Amino acid sequence: MRLTIGDPPVERVLVRPSGLVVAAAVVALGTAAAVAATDPHSEREQLRPADMTLARRTTIKSTDLLSGWKRMPVGSGDDSKCPGFDPDFSAFTITGKASSLFVDLGGGAVLSAVEVYKTRAQSVGDFRTGAKPALAKCIRHTFETDVARGAGGTAKTISSRMVPAPRVGERSALYRLVGTLTVQGRTIRVYMDVLAFQRGRSITVLLSSGFGGRLRGQTALARVIASRMR
């Protein structure tokens, strides 16, 4: 099943961004994934080949999307301290991880970051520790600092909050940000969704970003990903 992420195009992008702004969106998604998944009190890692394979199989594939989406490399995702939100994940152990990122010519981007844990109890505990309303402040901080720096401009948040999440996997949480990005005197409205969900030993963070309009089809894509989680 191929999903119509961002369909129709007129809703996906009302203002066509420059290549520089598209690059900034990619940076934003990679950084936000790191913030959503980890913190300075980070998880331990004991990576196992089988669980690394499971994580890679779980991420977004080109076959999950319609034509026009191009796979891009994902940054290193270094941990970033978030003012006012410092949960302790040190009791949990990651045994597999992978990510994938796709962008389209209209400026849309969708990223999946998957982590597999030592036990199901650990994935549940990690999710409950991190999926708090205060995480919306982290997403706002990332947008106004890392995105602005990556774009060489300024970013301003209009709203960033935790909202009711669709039922995906065993547990899910959804955060939505709306902001503006100004580069070289040009201002574009940015819509970013961060959907986190847990199933079995795995947690996935699915991020989507669009200019001028919110991407559609995120929930359907999340459920496809959840069907591969173990």
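Note that the coordinates shown come from a computational prediction; the quantities given were computed from them, not determined experimentally.

Peer 1: Whenever I open this one, the overall build of the chain confuses me. Can you help?
Peer 2: Regarding its fold elements, the chain presents six helices and eight strands. Looking at the chain as a whole, 53% of its 230 residues qualify as buried. Expressed as a percentage of contacts within the chain between residues at least 6 apart in sequence, the contacts between residues at least 24 apart total 73%. Of the roughly 10,100 Å² that the chain leaves accessible, carbon and sulfur atoms contribute 53%.

Peer 1: Looking at this structure, how should I read the nonpolar core?
Peer 2: Note on soluble globular proteins: their nonpolar side chains tend to be buried together. Judged by nonpolar contacts, the single largest core of 36 residues is most densely connected at F127, I139, F143, Y175, L181 and V194. Sorting the residues of this core by element identifies β3 (93-104), β4 (109-117), α5 (135-151), β6 (171-183), β7 (186-199) and β8 (202-211) as the ones contributing at least two each. In terms of nonpolar packing, the next biggest core, distinct from the first, is built from 17 residues, L65, V163, F197 and L221 among them.

Peer 1: What is the right way to read helix α4 (residues 120-130) from this model?
Peer 2: For an α-helix, the turn length of 3.6 residues means that residues three or four places apart are oriented alike. Along α4, the residues classified as buried are Q122, S123, V124, G125, D126, F127 and G130. Against β3, β4, α5, β6, β7 and β8 lie the buried residues of α4.

Peer 1: When you look at the pattern of salt bridges in this model, what are you seeing that I'm missing?
Peer 2: If the charged atoms of two oppositely charged side chains come close together, the side chains can form a pair. A full pass over the atoms with the stated rule returns 10 salt bridges. For R48, the salt bridge goes to D51, with nearest N and O atoms at 3.8 Å. Residue R48 is classed as partly exposed on the basis of its relative accessible area of 35%. Put simply, R140 and E144 hold a salt bridge, and the shortest N to O gap is 3.2 Å. Note that R140 and E144 are positioned in helix α5 at a spacing of four residues, about one turn of the helix. When its relative accessible area of 40% is taken as the criterion, R140 is described as partly exposed. Relative accessible area serves as the criterion here: at 31%, E144 is assigned to the partly exposed category. Sharing partners across several salt bridges, the network here consists of R48, D51 and R201.

Peer 1: Could you clarify how one ought to interpret the pairing of β6 in this entry?
Peer 2: On a regular strand, each side chain points to the face opposite its neighbour's, so the side chains alternate between the two faces of the sheet. In terms of strand pairing, strand β5 (residues 154-163) meets β6 through nine bridges, oriented antiparallel. Bridging across to β6, S160 finds its partner in L177. The pairing of β6 with β7 spans 13 bridges and is classified as antiparallel. Paired with T180 across the bridge in β7 is R189. From the end of β6 to the start of β7, which pair antiparallel, there are two residues, and Q184 there has a positive phi angle of about 55 degrees.

Peer 1: Whenever I open this one, the confidence of the model for the chain confuses me. Can you help?
Peer 2: Predicted coordinates in areas of low pLDDT are best not read in detail. Scored by pLDDT, the chain has a mean of 83; 80% of the residues are at 70 or more. By mean pLDDT, helix α1 (residues 9-12) is the weakest element of the chain at 32, and helix α3 (residues 49-58) is the strongest at 98. Per-residue pLDDT stays below 50 along residues 6-21; that stretch engages in 40 contacts with residues further than four places along the chain or on separate chains.

Peer 1: Would you explain the pairing of β4 in this entry?
Peer 2: Among the nine residues in β4, nine count as buried, and that is most of the element. Because side chains alternate across β4, one face comprises the buried residues A109, L111, A113, E115 and Y117, and the other comprises V110, S112, V114 and V116, equally buried. By the bridge criterion, nine bridges tie β3 to β4 in an arrangement that is antiparallel. Looking across to β4, one finds that G96 is bridged to V116. Between β3 and β4, which follow one another and run antiparallel, lie four residues, and G107 among them has a positive phi close to 100 degrees.

Peer 1: Whenever I open this one, the side chain of D193 confuses me. Can you help?
Peer 2: Tracing the backbone through its elements, the reader meets D193 in strand β7. Among the polar contacts made by the side chain of D193, one reaches the side chain of R214 at a distance of 2.2 Å. Within the local environment of D193, its side chain forms a polar contact with the side chain of Q218, the two groups lying 3.4 Å apart. For D193, the contacting residues outside a window of four places in its chain are L174, Y175, R176, L206, L207, S208, R214 and Q218.

Reading the values: rules and limits
- Residues numbered from 1 in each chain as written.
- Predicted model: local features only at pLDDT ≥ 70, side-chain atom pairs only at ≥ 80, totals over all residues.
- Heavy atoms only, no water.
- Helix = DSSP H or I, 4+ residues; strand = E, 2+ residues; numbered from the N terminus.
- Buried < 20%, exposed > 50% of the residue type's maximum accessible area, 1.4 Å probe, protein only.
- Contact = heavy atoms within 4.5 Å.
- Areas by Shrake-Rupley, 256 points an atom, 1.4 Å probe, with all protein chains shown as cover.
- Core = buried A, V, L, I, M, F, W, Y, C linked by side-chain atoms within 4.5 Å.
- Salt bridge = Lys/Arg side-chain N within 4 Å of Asp/Glu carboxyl O.
- Pairing = 2+ DSSP bridges.
- pLDDT = per-residue confidence, 0-100.
- Polar contact = N/O pair within 3.5 Å; in protein donor to acceptor, adjacent residues only side chain to side chain.

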